[in-house]
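Summary of the model geometry
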Amino acid sequence: MGEENSFASGGAVPRVVIVDDHRLFRSGVRGELGDAVDVVGEAGDVDSAVSVISEQRPDLVLLDVHLPGGGGVEVLRRVLARHPEIRFLALSVSDAAEDVIGVVRGGARGYVTKTISGKELASAIVRVADGDAVFSPRLAGFVLDAFAATDAPPMDPELDRLTQREREVLRLIARGYAYKEVAKELFISVKTVETHVSSVLRKLQLSNRHELSRWATARKLV
């Protein structure tokens, strides 16, 4: 897109589809973005995302990494095979290197975390829709390191036992979040957080959250 026809020049606003498995979060994003973009669709899982994106052909998809049905990477794989012109910006609570690298390798043009402000998010959407790559500052280093390396980072068999949601809970607990704070951050109940923590401890054969924090720190997940 030439500069005179770019979204940044103010001639038009990007048509956007929001993909996230939490309806309240999608509503919040809509509210924060206001009239900076034209939200033409929403989806909460992989299949509905692929359907809505294929139907609407937006300029950009705002994509959560962890989704029912295969995750954001599966959405990228299925959509870009048929519509390579559509741009993707990942928006996730996770700032883990493997999540960032995974979606970038899958075809996303940017990755920002859910701590971003509405104004910053609108700016990131416009830039990615115009063809730029946009990353939260800390995350850009992951991408540079990954693509400078000759080999992909080694897989961790213990980490692979955990579901995506369990990994999210693990990272927040390891950072010292209380169960109530984790619940608020991930839009789930405290009881669900407790269930995930119990499952993580069992799978990793750890006794308490202090051991869990040490385990996560040793693997540079915090």
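In this text, all values refer to a predicted model and were calculated from it rather than measured experimentally.

Another point: the overall build of the protein chain. A count of helices and strands for the protein chain gives 11 helices and six strands. By the compact-globule yardstick of 17 Å for 222 residues, the protein chain fits well, its C-alpha radius of gyration being 18 Å. Summarising its shape, the C-alpha atoms of the protein chain cover approximately 60 × 40 × 30 Å along the three principal directions. Relative to its full complement of 222 residues, the protein chain shows a buried share of 48%. Residue pairs at least 24 apart in sequence account for 65% of intrachain contacts in the protein chain once pairs closer than 6 positions are excluded. Working note: accessible area of the protein chain is about 11,100 Å², and carbon and sulfur atoms make up 51% of it.

With that out of the way, let us pick up the packing of aromatic side chains. Centre distance and the angle of the planes are the two values used to describe a pair of aromatic rings. Applying the stated criterion across every chain, the model contains one aromatic pair. Aromatic pair Phe 25 and Phe 187: ring centres 5.6 Å apart, planes at 65°, arrangement edge-to-face. Separated by 162 residues along the polypeptide, Phe 25 in helix H1 (residues 23-33) and Phe 187 in the loop between helix H9 (179-186) and helix H10 (190-204) bring together distant segments of the chain. The class for Phe 25 is buried, based on a relative accessible area of 13%.

This part takes up helix H4 (residues 97-106). Asp 99, Val 100, Ile 101, Val 103 and Val 104 are the residues of H4 that are buried. Among the residues trailing H4, Gly 107 stands out with phi positive, at a value near 125°.

Turning our attention to the UniProt feature "modified residue: 4-aspartylphosphate" (unreviewed entry) in the protein chain. If you check UniProt for "modified residue: 4-aspartylphosphate" (unreviewed entry), the listed places come out as Asp 64 in our numbering. Relative to the assigned elements, Asp 64 resides in the loop between strand E3 (60-63) and helix H3 (71-82). A residue is classified by how much of its surface remains accessible, and Asp 64, at 4% relative accessible area, is buried.

Moving on to the environment of Val 79. Examined against the element boundaries, Val 79 turns out to sit in helix H3. The exposure class assigned to Val 79 is buried, which follows from its relative accessible area of 0%. Separated by 138 residues in sequence, Val 79 and Thr 217 have C-alpha atoms that sit 36 Å apart. Once you skip the residues sitting within four places of it in the chain, Val 79 turns out to touch Val 50, Ile 53, Ile 86 and Phe 88.

Turning our eyes to something else, we now look at the packing of helix H8 (residues 164-174) against H10. Viewed as axis vectors pointing N to C, H8 and H10 meet at an angle of 95°, and their least axial separation amounts to 9 Å. On the basis of their axis angle, the class for H8 and H10 is roughly perpendicular. Side by side, H8 and H10 meet where Arg 165, Glu 166, Val 169, Leu 170 and Ile 173 of the first sit next to Val 193, His 196, Val 197, Ser 199, Val 200 and Lys 203 of the second. The residue makeup of the contact of H8 with H10, split by class, is six nonpolar, two polar and three charged.

Before going further, it helps to spend a moment on the pattern of salt bridges. By the definition in use, this model includes 13 salt bridges. Linking Arg 165 and Asp 21 is a salt bridge whose minimum nitrogen-to-oxygen distance equals 3.9 Å. Within this pair, whereas Arg 165 is found in helix H8, its partner Asp 21 is found in the loop between strand E1 (15-19) and H1, the two being separated by 144 residues in sequence. Taking the shortest distance from any N to any O, the salt bridge between Arg 175 and Asp 95 comes out at 2.5 Å.

Criteria and cut-off values
- Note on numbering: residues in each chain are counted from 1, in written sequence order.
- Local features in this predicted model are restricted to residues whose pLDDT is 70 or higher, and side-chain atom pairs enter the listing and the counts only when it is 80 or higher, whereas totals over whole chains, interfaces and linings include all residues.
- Water and hydrogen atoms play no part in the side-chain values, which are based on all heavy atoms of the structure.
- Starting at the N terminus, helices and strands are each numbered in turn, a helix being any DSSP run of H or I of at least four residues and a strand any DSSP run of E of at least two.
- A radius of gyration in this sense is built from C-alpha atoms; the matching globule rule multiplies 2.2 Å by the number of residues raised to 0.38.
- Working definition: with a 1.4 Å probe on protein chains only, accessible area under 20% of the residue-type maximum means buried, over 50% means exposed, and in between means partly exposed.
- Contact between two residues is taken to exist if any of their heavy atoms lie within 4.5 Å; hydrogens are not considered.
- Shrake-Rupley sampling with a 1.4 Å probe provides the accessible areas, and residues are treated as covered by the protein chains on show and by no other component.
- Paired rings are identified among Phe, Tyr and Trp, the last through its six-membered ring, by centres lying within 6.5 Å, and are further divided according to the angle between planes into stacked (under 30 degrees), edge-to-face (over 60) and tilted (the rest).
- UniProt positions are given in the numbering used here, feature names are shortened, and annotations may be inferred rather than shown by experiment.
- For every element, the axis is a line fit to its C-alpha atoms; helices are fit only across the contacting stretch, and the angle between N-to-C directions ranges from 0 to 180 degrees.
- An angle below 35 degrees is treated as roughly parallel, one above 145 as roughly antiparallel, one from 65 to 115 as roughly perpendicular, and anything else as oblique.
- Residues are grouped as follows: nonpolar covers Ala, Val, Leu, Ile, Met, Phe, Trp, Tyr, Cys and Pro; charged covers Asp, Glu, Lys and Arg; every other residue, Gly included, is treated as polar.
- Between Lys or Arg on one side and Asp or Glu on the other, a salt bridge is scored when a side-chain nitrogen of the former is within 4 Å of a carboxyl oxygen of the latter.

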